[in-house]
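Report on the structure
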Amino acid sequence: MKLLSIHWPVRVAGRLSCGMVAASLLLGLALVPGARAASAPIVLTGADRRPATSLNGEWGSIVDPYFSGLFSFHHEEKKNGWFLNQKAKPGDPFPTEYNFVTAPKLKVPGDWNTQHELLLYYEGPVWYERDFTYQPKPKTHIFLHVGAANYRSWFWVNGQKVCEHEGGFTAINCDVTQAVHAGANFVVAAVDNTRLEDGVPGLETDWWNYGGLTREVSLIEVPETFIDQYDLHLMRGAGSVIEGWVHVMGGQPGEKVEVEIPELGAKQSATTGSDGRAVLHFNVQGLERWSPDRPKLYKVGLHAGQDSIDELMGFRTVETRGTEILLNGKPIFLRGVSVHAEAPYRTGRAYSNKDAEILLGWAKELGCNYVRLAHYPHDETMLRAADRMGILVWSENPVYWALEFDNPKVLAKAEQQLDEEINTSRNHAAIILWSMANETPNNAARTHFIETLASRARSMDPTRLITAALLVRAQGNTKIVDDPLGQALDVIGVNEYIGWYEGHPESADTTQWQIEYQKPLIVSEFGGGAKAGLHGSENERWTEEYQANIYRHQLPMLNKIPQLRGMSPWALMDFRSPNRPLAGIQDEFNRKGLISEQGQKKQAFYVLQKAYKDGTIGKAN
Ligand code: GCB
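What you see is a predicted model, and the numbers here were worked out from it, not measured in a lab. (Residues numbered from 1 in each chain as written. Predicted model: local features only at pLDDT ≥ 70, side-chain atom pairs only at ≥ 80, totals over all residues. Heavy atoms only, no water.)

This part takes up the packing of helix α1 (residues 353-366) against helix α2 (residues 380-389). It is the contact of α1 with α2, at a shortest axis distance of 9 Å, that shows an interaxial angle of 45°. By the angle between their axes, α1 is oblique relative to α2. Where α1 crosses over α2, the two elements pack in a sense that is right-handed. On α2, the residues that touch Asn353, Ala356, Glu357, Leu359, Leu360, Gly361 and Lys364 of α1 are Thr381, Met382, Ala385, Ala386, Arg388 and Met389. When the residues that make up the contact of α1 with α2 are grouped by side-chain class, the tally is 7 nonpolar, 3 polar and 3 charged. (Axes fitted to C-alpha atoms, helices over the stretch in contact; angles between N-to-C directions. Helix = DSSP H or I, 4+ residues; strand = E, 2+ residues; numbered from the N terminus. Parallel < 35°, antiparallel > 145°, perpendicular 65-115°, else oblique. Left-handed = near helix turned anticlockwise from the far one by under 90°. Contact = heavy atoms within 4.5 Å. Nonpolar A, V, L, I, M, F, W, Y, C, P; charged D, E, K, R; others polar.)

Following this line, the structure appears as structure tokens:
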């Protein structure tokens, strides 16, 4: 836990965002060669449910610390940059000084840091190139789908700029229809993980700044008129009414949209209005509600003209009543753990279904019905696994520690990432909480910034609960939760580290809590570090015994908070962080995991598991 209150000087960046088509053009796109044909990336809901041509695999890669592939030494953008993927020809007056064919390879998906020893600490631009053959069908749109590229990225197809994006944890869909041709093609990406003073997140995080094309890349072909976004959910209340909307792009008002759930014998149609949305509201018979105990998923067909998506969805409601969280109308206690997108066993950024199943499998083994997916939107694979495995999810915007809260451009970037997160992931039954921020300093600029995000999230998705992880104030041995940001939240999240950053594990025994909000409370973090396999006394830091002792004293203290409705201790697994250099112990891993990065369970895992399984924690169920 660390808090910066520095206000970084304002710098660069303009942004555009256009409602349904969440989009960003952050770096003077018009100046970039080939930019005329480029359009802003769009959000596609359920992109992973569409047939796709994978572009995963080995890409030619060039590390370019000075970004000389794009910028000249006068810092002007080049007309003959590396995106042209030129091949040296005999007799060329100047030799071509790059060659993607002979260049080293990087695997996609995957961060570059854990693929080559020399790139472990690298922060800067890297170029990627891949050839592909393609036969576009007539009357279609082709999108280059990039699951995530950290942090800024630029894309060209056959030398033509197709889009650029800022934000390392949300998907990018570039319309490449005009750039792709029949036969041989190539795609070039430049990805730059330089941390920015005006970035979201900002300069300092407690996780590794993994760079690269960290999630899957593919081509998605859709008809000219197609479904880009949709939202279908169970209406709050006693009945079984499914409501929502389907948005159609490229069509005229009056396009017919059909939604069917064959297992329930339900079929409903509606037509689009002038905003391209068809609004749906229909009753279903015999619906089994999705819950952690029975994570029932239904096949849902969405159709508009030539376009169809086969979804797999669960239906449930979530709301608050006083200090309760109600799932399907019944109080629930969230037995959770916080999870980074760190790959188990191999380390690096997690991206695969196997990664997701291991991490969530451990959470289940611990007795969890809930995970806090910290500190940024995790990938669709993780959310699909949570839907399938029946694990409720807190999904988080990367507004972390100190940002330039008084800079409107930073707010615009946070809004863009929030829009992308919600519009991409809003059909996952598992997600019940949208978290706006983690541990931000209590000041007016911060409060205004996050309140703006909270009301945006609420208006985009009134069916879920809005939260944030707040810091607590101490007065003697009383912890006070009165951050004014709490007013904007449905559920209060708080992080505290009694026994680690303050006091001793036993200090928890005498700690009192004063919570100024009559709202449900989740203790979104607590814990301490231990190196797996290091043993000693309960008083010796870094031993498994010390960490287990923290948990032994925390759990009874938390249990006494009347409005406690959940917890997600920090963290499920050790994860890489450059903030954690202690040699022989941390070795650049945050050691607060209950499990080591090699899968070794620490004693605290079993302390928490026992409490979760024998019901000594959690009053509501
Ligand atoms: C926190 C942060 C988390 C850190 C953790 C720690 O409060 O939210 O990102 O990793 O503390 O280990 O200090």
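That was the structure; now back to the text.
Domain boundaries assigned for the protein yield domain 1 (3-223), domain 2 (236-316) and domain 3 (319-614). Every contact between the two is made by 8 residues of domain 1 and, on the other side, 11 residues of domain 2. Here domain 1 meets domain 2 over a buried area of about 790 Å², counting both sides, of which 64% is carbon and sulfur. Joining domain 1 to domain 2, the criterion identifies 1 salt bridge. For Arg50, the salt bridge is made with Asp307, and the minimal N-O distance between the two is 2.8 Å. At the junction of domain 1 and domain 2, the tally comes to 2 residue pairs in polar contact (both at pLDDT 80 or more). Among the residues forming the side of domain 1 that touches domain 2, the class breakdown is 4 nonpolar, 2 polar and 2 charged. (Domains from an automatic or database assignment. Buried area = accessible area lost by both parts, 1.4 Å probe. Salt bridge = Lys/Arg side-chain N within 4 Å of Asp/Glu carboxyl O. Polar contact = N/O pair within 3.5 Å; in protein donor to acceptor, adjacent residues only side chain to side chain.)

Here the residue pair Val108 and Pro109 is connected by a cis peptide bond, since its omega of 0° sits within 30 degrees of zero. By secondary structure assignment, the location of Pro109 is in the loop between β3 (105-108) and β4 (125-134). Here Val200 and Pro201 are connected by a cis peptide whose omega angle stands at 5°. In this structure, Pro201 sits in the loop between β10 (183-192) and β11 (212-213). Positive phi outside glycine occurs at Thr347, with the angle close to 60°. With respect to the secondary-structure elements, Thr347 resides in the loop between β23 (334-339) and α1. Of note, the phi angle at Glu588 is positive, near 65°, even though the residue is not glycine. Its place among the elements puts Glu588 in the loop between β34 (575-576) and β35 (589-590).

Turning our attention to the nonpolar core. Formed by 95 residues in total, the largest nonpolar core has its most connected members in Val399, Met436 and Phe449. Contacts of Phe449, omitting those with residues within four sequence positions, involve Val399, Leu403, Glu404, Phe405, Val410, Leu411 and Ala414. Counting 30 residues, the second-largest nonpolar core is a separate cluster that includes Leu106, Tyr134, Val187 and Val217. (Core = buried A, V, L, I, M, F, W, Y, C linked by side-chain atoms within 4.5 Å. Buried < 20%, exposed > 50% of the residue type's maximum accessible area, 1.4 Å probe, protein only.)

Further remarks concern the packing of helix α5 (residues 544-559) against helix α6 (residues 603-614). One can describe the packing of α5 onto α6 by two numbers: an axis separation of 7 Å at closest approach and a directional angle of 20°. For the element pair α5 / α6, the angle class is roughly parallel. In the crossing of α5 with α6, the sense of the turn from one axis to the other is right-handed. Note on element contacts: α6 touches α5 through Gln603, Ala604, Val607, Leu608 and Ala611, opposite Glu544, Glu545, Gln547, Ala548, Tyr551, Arg552 and Leu555. Taken together, the residues that form the contact of α5 with α6 break down as 7 nonpolar, 2 polar and 3 charged.

Looking now at the confidence of the model for the protein. Chain-level pLDDT for the protein is 93 on average; 94% of the residues reach the 70-or-more range. Taken together, the stretch residues 1-36 has pLDDT below 50 and engages in 104 contacts with residues farther than four places along the chain or on a different chain. (pLDDT = per-residue confidence, 0-100.)

We now examine the sheet that holds β10. By definition, the strands of a sheet pair up through backbone hydrogen bonds, in either a parallel or an antiparallel sense. Read across the open sheet, the 6 strands follow the order β3-β2-β4-β10-β7-β8; overall the sheet is antiparallel. Both outer strands of the open sheet, β3 and β8 (160-166), are each paired with one neighbouring strand and no more. If you compare each strand with its neighbour and ignore which way they point, the axes differ by 25° on average. Relative to β3, strand β2 (residues 57-63) runs antiparallel, the two being bridged by 4 bridges. Following the sheet pairing, Trp59 is matched in β3 by Leu106. (Pairing = 2+ DSSP bridges.)

Below, the discussion takes up the side chain of Thr317. Considering the arrangement of structural elements, one finds Thr317 in the loop between β19 (307-313) and β20 (318-321). Dropping the residues within four chain positions of it, Thr317 is found in contact with Leu234, Met235, Arg236, Arg289, Leu326, Leu327, Asn328 and Gly329.

In this section: the sheet that holds strand β12 (residues 217-223). Within the open sheet, the 4 strands sit side by side as β1-β12-β5-β9. Their pairing is antiparallel. Each end of this open sheet is capped by a strand with a single partner; those strands are β1 (52-54) and β9 (172-175). Between one strand axis and the next, the sheet turns through 25° on average, direction left out of account. Direction of pairing for β1 relative to β12: antiparallel, over a ladder of 3 bridges.

Structurally, the position occupied by Gly527 is in the loop between β32 (521-525) and α5. For Gly527, a relative accessible area of 0% corresponds to the buried category. Not counting residues within four places of it along the chain, the set of residues in contact with Gly527 comprises Glu496, Tyr497, Trp500, Ile550, Tyr551 and Trp570.

With respect to the helices, strands and loops of the structure, Lys519 is situated in the loop between β31 (512-515) and β32. Polar side-chain contacts of Lys519 include one of 3.2 Å to the backbone oxygen of Gln487. A polar atom in the side chain of Lys519 sits 2.6 Å from the backbone oxygen of Leu489. Those residues within four positions of Lys519 in sequence are excluded, and the remaining contacts are Gly322, Thr323, Gly486, Gln487, Leu489, Asp490, Ile492 and Gln563.

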